[in-house]
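Each chain is listed here by its residues.
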Amino acid sequence: MAKKKYLVIDVALCHDCNNCFIACKDEHVMNSWLPYIDEQPRHGHRWMNIERTERGQYPRVSANFLPKPCQHCAEPKCKEAFDESVTVREDGIVLIDAEKAKGNKELLDSCPYDAIWYNEEKGVPQKCTFCAHILDGQAGASICSTRCAHSCPTEAITYHDLDEAEFEKLKAAEGLERYKPEESPDGLVWYKNLYRFTKHFIAGGFLKDGECAEGVKVTLKGVDVPEQTTNYFGDFWFDGLAPGAYTIVADGQDIMDVTLTESVNVGNIAL
Ligand code: SF4
Ligand code: SF4
C-alpha cells in the first residue's frame, strides 16, 4: 500500500516560539527550489502561520497557538478552482506550479485556510510545499523531515511517513482532527488537542467557610463528561465544550446554570 506523508501538530505542546516559522524562512528565503518552488520573499509571507487565541477571563485563562501551514487537502479547493496550476502528488503533497500559476492572484482567494501568499517580485502565488524537495532527496539535506517538524523544540510538530492502515491507527490513538473539516475533511496536516483552539471551557472554584474547597465532586449537566474533583485551590475546569446550556453540579446539588458562547471563568462560588 502506498505511503503518504503527514504532519501531526499538537496544539497543547505549541508555545509560540516561532522556530518552525523561522526554519521555513531559513529554508526558502534566498533559496530557489525550482521546480518545486521559487524563493520566498524576506518579508510578508507566513507559509507556517501561527494563529493565536486566548480563552477565559483572568485568572482562569488559556492562551493557545495553532501552527497553520497549507493543510495539503486531499481534495483541495485551490485545485478545484485552478486545476492546471495545482498538483496533488501520490504521496498527498499539494504543489503550485510556478509557471502555470504565474500572475494568478485569484489563487489566493480559492484557499479557505488563507495559506497561499503572493510573491510580488516573482509574480507568483506561493505556499508551504511540505518541504517536498527535502523529502525527495533533492536538497542535499541530512534530515528526512520537514524543516518545521525538525526545528520544533517541544515536538509539537511531528513528521510521519505512513500507509493508510498505520495512519488510521495513529489517528484513532491520538484523537487527530482536521482544522475546519467542513472545508476539507482529509489531507496531510492533522491536529491533536485541537479543542484548545476551537472549543470552550467552563472553569471556576469553590469556597467553604472562606477557604478553598478541595475535594468537591463536580460535574456538568448538559454534556457527558467525567466527574472532576476540585484541586488544592478548590478549582475545576471542564474543557472541550461546544456552545450550549450547562448546569454546574457540586456534590450532587445544582449550583449554577451557564449559557456557554465562549470560554468562561464563573469565579469563586461559596458552598
Ligand atoms: S516550533 Fe513548535 S513550539 Fe515553536 S511555534 Fe512552531 S510548533 Fe510551536
Ligand atoms: S490548504 Fe489551501 S492551498 Fe493548501 S491544499 Fe488546501 S486549499 Fe490548497
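Residues numbered from 1 in each chain as written. Chains lettered and ligands numbered in written order. Predicted model: local features only at pLDDT ≥ 70, side-chain atom pairs only at ≥ 80, totals over all residues.

Colleague: For this particular structure, what's the right way to read the overall build of the chain?
Modeller: A tally of helices and strands in the chain yields 7 helices and 17 strands. In terms of overall dimensions, the chain has C-alpha extents of about 70 × 40 × 35 Å along its principal axes. Put simply, of all contacts in the chain between residues at least 6 apart along the chain, 60% involve residues at least 24 apart. (Helix = DSSP H or I, 4+ residues; strand = E, 2+ residues; numbered from the N terminus. Contact = placed C-beta atoms within 7 Å.)

Colleague: I would appreciate a short explanation of the nonpolar core in the present structure.
Modeller: Inside soluble globular proteins, nonpolar side chains tend to come together where they are buried. Counting residues in each nonpolar core, the largest one holds 51 residues, and the members touching the most others are Leu 7, Ile 9, Cys 148 and Ile 157. Looking at which element gives the most residues to this core, the answer is strand β1 (residues 4-10), with 4 residues. The contact partners of Cys 148, leaving out residues within four places of it in the chain, are Cys 20, Ala 23, Cys 24, Met 48, Pro 69 and Ile 157. Judged by nonpolar contacts, the second largest core, of 15 residues, contains Ala 203, Val 218, Leu 220 and Ile 248. (Core = buried A, V, L, I, M, F, W, Y, C linked by C-beta atoms within 7 Å. Buried ≥ 20, exposed ≤ 12 C-beta atoms within 10 Å, placed from the backbone.)

Colleague: Whenever I open this one, the pairing of strand β3 (residues 60-68) confuses me. Can you help?
Modeller: A regular strand places its side chains on the two faces of the sheet in alternate fashion. Note that strand β2 (residues 49-57) and β3 share 9 bridges and pair antiparallel. By the bridge assignment for β3, Asn 49 is matched with Lys 68. With antiparallel pairing between neighbouring strands as the criterion, β2 and β3 make up a hairpin whose turn holds 2 residues. (Pairing = 2+ DSSP bridges.)

Colleague: I'm lost on the sheet that holds strand β16 (residues 253-260) in this one. Help?
Modeller: Strand pairing within a sheet occurs via backbone hydrogen bonds; the two strands may be parallel or antiparallel. Reading across the sheet, the 4 strands line up as β13-β12-β15-β16 and stay open at both edges, with antiparallel pairing between neighbours. Of all the strands in the sheet, the pair left with one neighbour each is β13 (228-229) and β16.

Colleague: Sorry if this is basic, but what is going on with the environment of Asn 19 here?
Modeller: The topology assignment puts Asn 19 in helix α1 (residues 19-28). Here Asn 19 falls in the buried class, since 20 other C-beta atoms lie within 10 Å of it. Asn 19 sits 128 residues away from Arg 147 along the chain, and the two C-alpha atoms are 9.6 Å apart. Apart from the residues within four sequence positions on either side, Asn 19 is in contact with Ser 151, Cys 152 and Pro 153.

Colleague: What's the story with the site of ligand 2 in this structure? I'm lost.
Modeller: The environment of ligand 2 is formed by 14 residues, the closest being Cys 70, Cys 73, Pro 76, Cys 78 and Cys 111. By residue class, the composition of the shell around ligand 2 is 9 nonpolar, 3 polar and 2 charged. (Near = placed C-beta within 6 Å. Nonpolar A, V, L, I, M, F, W, Y, C, P; charged D, E, K, R; others polar.)

Colleague: Could you clarify how one ought to interpret the environment of Lys 208 in this entry?
Modeller: As for its position among the elements, Lys 208 is in strand β10 (residues 200-208). When the C-alpha positions of Lys 208 and Gly 234 are compared, they lie 9.1 Å apart, and in sequence the two are 26 residues distant. Here Lys 208 is in contact with Ala 213 and Leu 271, once residues within four sequence places are set aside.

Colleague: I would appreciate a short explanation of the domain arrangement of the chain in the present structure.
Modeller: Bring the parts together and some accessible area is lost; that lost area is often taken as the interface size. What the domain assignment reports for the chain is domain 1 (4-196) and domain 2 (200-270). Taken residue by residue, the interface counts 6 residues in domain 1 and 8 residues in domain 2. When residues of the side of domain 1 that touches domain 2 are traced back to their parent elements, those giving at least two are β2 and β3. Residue contributions to the side of domain 1 that touches domain 2 peak at 3 residues, all from β2. The class makeup of the residues in the side of domain 1 that touches domain 2 is 1 nonpolar, 3 polar and 2 charged. (Domains from an automatic or database assignment.)

Colleague: Looking at this structure, how should I read the site of ligand 1?
Modeller: Around ligand 1, the structure places 15 residues, and the nearest of them are Cys 14, Cys 17, Asn 19, Cys 20 and Cys 152. Of all the secondary structure elements, the ones that give two or more residues to the shell around ligand 1 are α1 and β3. Considering only residue class, the shell around ligand 1 consists of 9 nonpolar, 5 polar and 1 charged.

Colleague: What should I look at first to understand the environment of Asn 18 in this one?
Modeller: Assignment of secondary structure puts Asn 18 in the loop between β1 and α1. When the 15 C-beta atoms within 10 Å are taken as the criterion, Asn 18 is described as partly exposed. Along the backbone, Asn 18 and Asn 49 are 31 residues apart, and their C-alpha atoms lie at a distance of 9.1 Å.

Colleague: Can you help me understand the sheet that holds strand β9 (residues 189-192) in this one?
Modeller: Pairing in this open sheet of 3 strands is mixed, and the strands run β8-β1-β9 from one edge to the other. A single partner strand is all that each edge strand has here, and the edge strands are β8 (157-162) and β9. Taken pair by pair, the neighbouring strands of this sheet meet at an average axis angle of 30°, ignoring direction. Bridge count for β1 against β8 is 6 bridges, and the pairing is antiparallel. Directly across from Tyr 6, in β8, lies its bridge partner His 160. Here helix α6 (residues 164-174) sits on the sheet and contacts β1, β8 and β9; the angle it forms with β8, its principal contact strand, is near 145°. (Axes fitted to C-alpha atoms, helices over the stretch in contact; angles between N-to-C directions.)

Colleague: Just checking my understanding: could you explain unusual backbone geometry for this structure?
Modeller: Excluding glycine, residues mostly have negative phi values, and the peptide bonds linking residues are mostly trans. A cis geometry characterises the amide bond from Leu 34 onward to Pro 35, with omega recorded as 10°. Mapped onto the elements of the fold, Pro 35 is located in the loop between α1 and β2. With omega at 0°, the peptide bond leading from Tyr 58 into Pro 59 counts as cis. By secondary structure assignment, the location of Pro 59 is in the loop between β2 and β3. A positive phi angle, close to 45°, is found at Asp 251, a residue other than glycine. Looking at where Asp 251 falls in the secondary structure, it is placed in the loop between β15 (244-250) and β16.

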